[in-house]
Amino acid sequence: MQEPLLLPALVFLLSLSGAVIQKTKASCQCPENASCVNNTYCTCDSGYTSGSGQKLFTFPLEICKDINECQPPFSVYCGVNAACQNVEGSFYCHCVPGYKLHSGDAQFKSSSENTCQDDTSSETTQGGKELQKIVDNFQSLLTNQTLLRTGERQEISSRATSILQDVESSVLETALKTPEQKVQKIQNSTMAVETRVITDNCSEDRQTFSLNVQMNSMDIHCRDAIQGDTQGPSAVAFISYSSLGNIINATFFEEMDEKDRLYLNSQVVSAAIGPKRNVTLSTPVMLTFQHVKINPRSKKVFCVYWESTEQGGQWSKDGSFLISMNKSHTVCNSTHLSSFAVLMALTSQEEDPMLTVITYVGLSLSLLCLLLAALTFLLCKAIQNTSTSLHLQLSLCLFLAHLLFLVGIDQTEAKVLCAVIAGVLHYLYLAAFTWMLLESLHLFLTARNLTVANYSSINRLMKWVMFPVGYGVPAMIVAISAASRPHLYGTTDRCWLHLDKGFIWGFLGPVCAIFSVNLVFFLLVFWILKRKLSSLNSEVSTIQNTRMLTFKATAQLFILGCTWCLGFLQVGPAARVMAYLFTIINSLQGFFIFLVYCLLSQQVQKQYQKWFREMLKSKSESETYTLSSKVGPDSKPSEDK
């Protein structure tokens, strides 16, 4: 379902809050890797800490950073002959080379319950050596990602399919060569393997076998492991790949939808049985995956398997089902054996339908008012000066930006078109804010020279700088942004700027700078006016001039900048109220401009009255001419028959 349209002013809000907010939880908006507390505050999840160091926070640009438990001041102690390894949101311990756990596990958390022993204390079996050799041989293929990524999509998927099948066959073959070694575990930096050989046809009471590698596990029923009436030993292999998911990622999903922003949130694992390579099971196999990113904020979770196709391979959902999920793990089951993974989709921020209605109504009125204001500034000769030129350019920029936002913000199907729309919106909104800055500058210069009768110096200055600055500076910013990272224009949700790599600051940076400068100008203008009012005599015209300037200064702060700052206040309990205020006020920005600069201007009122009288006079003359043409001297009255 397509995301509902937001008001144009919400571009700024979405840029501000969307830079770190991935999803709205009730009235609490928290950044990634953070959770809501009492619908009021945010707190970083376990394994993360806030950039400010605060446990509870409401600032929308706060960032939750991963805690490195392996470095001071934490420095987790894993025990003798063991090392700590930090991962995103967590950590684990592992034995240093030459040592291993008695249990055979590759990772552990508590040093009190696990001791790394000398690997040479027990003789390494021939089967273990062969299995280690297989793992090391395939490590060179998996680490050589350039080899896999240089080809086309079909070539990459075909090569990955071949690697998966070859590893499974080699591991099972090696395990069956040494049936006396019932359990074998081998691991290196790219993959981990556990094999189990069954020779007693499930004579034990245990009905399922559990295999564990790299915090992932598989539970398979004994009947499926022995493959019916097989006379010889049977083997089960469970393999986990650390980096293969970077190559056969979410883009290989058969139902890939760019709007879902799919990503792989687990390691790729393979499950196989031998000597018969049966893939269909009587009882579904249970697979437990550890998340690569802890606490995923996602509504859509897919358990998928790697399906071999004529084109090479792809991720498919057929026969794989989601059982449960928490912050750190996902449990799936499958009716067949293959290679598996977990895909997740970051869902779009939910929108309030009432805000959409307010947007349509307010924006329609605003567009009409901006058009009327622009026509007034163009056609009304009595008010044309430097000030109205600034008003005109601001009205035109806002009108075009709002109109393009309405018709183009959701045109995400065509990537090139969406990128162009995003770039034009970026330029138009930056231009609008730049003209707001010029308006404030002109007001400050006018206030400073309030007692000067000749304003020609101010007018000459503004005429020289306003067009190069008003349209040139935004063009430079957009040109630099487009030249450096053109692919970050247009997202899967809307035709706007990506949040990746801080690209959104190409808009937020200039806007925040303009807010700050406008606020300084506003305070300076009021300080100047306050001093002028205290020294003025009772001359009415001067007092009226000063009062009008004060009114314009207040209106300018309210119309051209202040209300956009409401985007910063949409946190905590008042977030919903601020969202409605932000939407209502900014959707009516064009109406406020028309009201202040046209309807409340005495010169414009007189011009409107003049136009209205001329229209009535023209209409009256037209009606008189029509009537006279019907009863003129050449016309003859009709005769009664």
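Scroll up to find the structure.
Attention in this report is confined to the structure presented alongside it. Position numbers for residues start from 1 in each chain and track the written sequence from start to end. With the structure being a predicted model, the display of local features is reserved for residues of pLDDT at least 70 and the display and counting of side-chain atom pairs for 80 or more, all residues being used for whole-chain, interface and lining totals. Hydrogens and water molecules were not included; the side-chain quantities draw on all heavy atoms of the structure.

Between two cysteines, a covalent bond joining their sulfur atoms is known as a disulfide. Any two cysteine sulfur atoms lying within 2.5 Å of each other are counted as a disulfide. This model, assessed by the stated rule, comprises 4 disulfides. Across the disulfide, Cys44 is cross-linked to Cys64 (sulfur-sulfur distance 2.1 Å). What sets the handedness of the Cys44 and Cys64 disulfide is the S-S torsion sign, and at about -85° it is left-handed. Here Cys44, found in strand 4 (residues 41-44), pairs with Cys64, found in strand 6 (residues 64-66); they are 20 residues apart in sequence, far enough to count as distant. Its relative accessible area of 7% is what places Cys64 among the buried residues. Numbered from the N terminus, helices here are DSSP runs of H or I no shorter than four residues, and strands are runs of E no shorter than two. Note on exposure labels: buried denotes an accessible area under 20% of the residue type's maximum, exposed denotes more than 50%, and partly exposed covers the range between, all computed with a 1.4 Å probe on protein chains only.

Quick look at the environment of Tyr580 now. Within the secondary structure layout, Tyr580 lies in helix 12 (residues 575-587). Separated by 14 residues in sequence, Tyr580 and Leu566 place their C-alpha atoms 9.9 Å apart. The contact criterion used throughout is that any non-hydrogen atoms of two residues lie within 4.5 Å. Excluding residues within four positions of it along the chain, Tyr580 makes contact with Asp352, Met354, Leu355 and Ile358.

Moving on to the side chain of Thr491. Position of Thr491 relative to the elements: it lies in the loop between helix 9 (456-484) and helix 10 (505-535). For Thr491, a relative accessible area of 17% translates into the label buried. Polar contacts, as used here, are pairs of N or O atoms within 3.5 Å; protein pairs need one atom able to donate a hydrogen and one able to accept it. Residues neighboring in sequence count only if both atoms are side-chain atoms. A polar contact is formed between the side chain of Thr491 and the backbone oxygen of Arg494, at a distance of 2.7 Å. Leaving out residues up to four positions away in the same chain, Thr491 has contacts with Thr412, Cys418, Trp496, Leu497 and His498.

With that out of the way, let us pick up helix 13 (residues 589-599). Counting buried positions along helix 13 gives 8 out of 11 residues, so the element sits mostly inside the fold. For helix 13, the full list of buried residues reads Gln589, Gly590, Phe592, Ile593, Phe594, Val596, Tyr597 and Cys598.

A few words on helix 4 (residues 153-177). In this model, helix 4 (25 residues) spans 37 Å end to end at C-alpha, consistent with the 36 Å of a helix rising 1.5 Å per residue. Burial in helix 4 covers these residues: Ile156, Ser157, Ala160, Thr161, Ile163, Leu164, Val167, Glu168, Val171, Leu172, Thr174 and Ala175. In this scheme, a helix's expected span is set at 1.5 Å multiplied by one less than its residue total.

Another point: the side chain of Ser366. Its place among the elements puts Ser366 in helix 6 (residues 353-379). On the basis of relative accessible area, Ser366 is assigned to the buried category, the value being 0%. Polar side-chain contacts of Ser366 include one of 2.7 Å to the backbone nitrogen of Gly590. Contact partners of Ser366, with chain neighbours within four places excluded, come to His402, Ser587, Leu588, Gln589, Gly590 and Phe591.

Right, let's talk about the pairing of strand 22 (residues 329-336) for a bit. The buried count for strand 22 comes to 6 of 8 residues, which makes it a mostly enclosed element. For two strands to be treated as a pair, DSSP must find no fewer than two bridges joining them. Here 7 bridges tie strand 18 (residues 280-290) to strand 22, and the two strands are oriented antiparallel to one another. Residue pairing for strand 22: Thr280 is matched across the bridge by His336. Looking at chain direction, strand 21 (residues 320-325) and strand 22 are connected through 5 bridges and run antiparallel. Residue Ser324 lies in a different strand from strand 22, and its bridge partner there is Val331. Between strand 21 and strand 22, which pair antiparallel and follow one another directly, the connecting turn spans 3 residues.

Between the N-to-C directions of two axes lies an angle of 0 to 180 degrees, each axis being a line fitted to C-alpha atoms and, for a helix, fitted only over the stretch in contact. Here helix 6 crosses helix 13 at 35°, and the two axes come no closer than 7 Å. Crossing of helix 6 over helix 13 shows left-handed handedness. Contacts between helix 6 and helix 13 involve Leu365, Ser366, Cys369, Leu370, Leu372, Ala373, Thr376 and Phe377 from the former and Gln589, Gly590, Phe591, Ile593, Phe594, Tyr597 and Cys598 from the latter. Of the residues contributing to the contact of helix 6 with helix 13, the split by class is 11 nonpolar, 4 polar and no charged. Here is the rule for handedness: rotate from the far helix to the near one, and if that takes an anticlockwise turn smaller than a right angle the crossing is left-handed, while a clockwise turn gives right-handed. Any residue outside Ala, Val, Leu, Ile, Met, Phe, Trp, Tyr, Cys, Pro, Asp, Glu, Lys and Arg is labelled polar, Gly included; the first ten of those are nonpolar and the last four are charged.

Residue types Ala, Val, Leu, Ile, Met, Phe, Trp, Tyr and Cys, when buried and joined through side-chain atoms within 4.5 Å, form a set referred to as a nonpolar core. One finds Phe433 and Phe507 to be the most contacted residues of the largest nonpolar core, which totals 58 residues. Residue assignment for this core shows that the elements contributing at least two residues are helix 6, helix 7 (386-408), helix 8 (415-448), helix 9, helix 10 and helix 13. For this core, the element with the most residues is helix 8, which contributes 17 residues. By size, the runner-up hydrophobic cluster in this structure holds 37 residues, among which are Val135, Ile186, Leu262 and Leu343.

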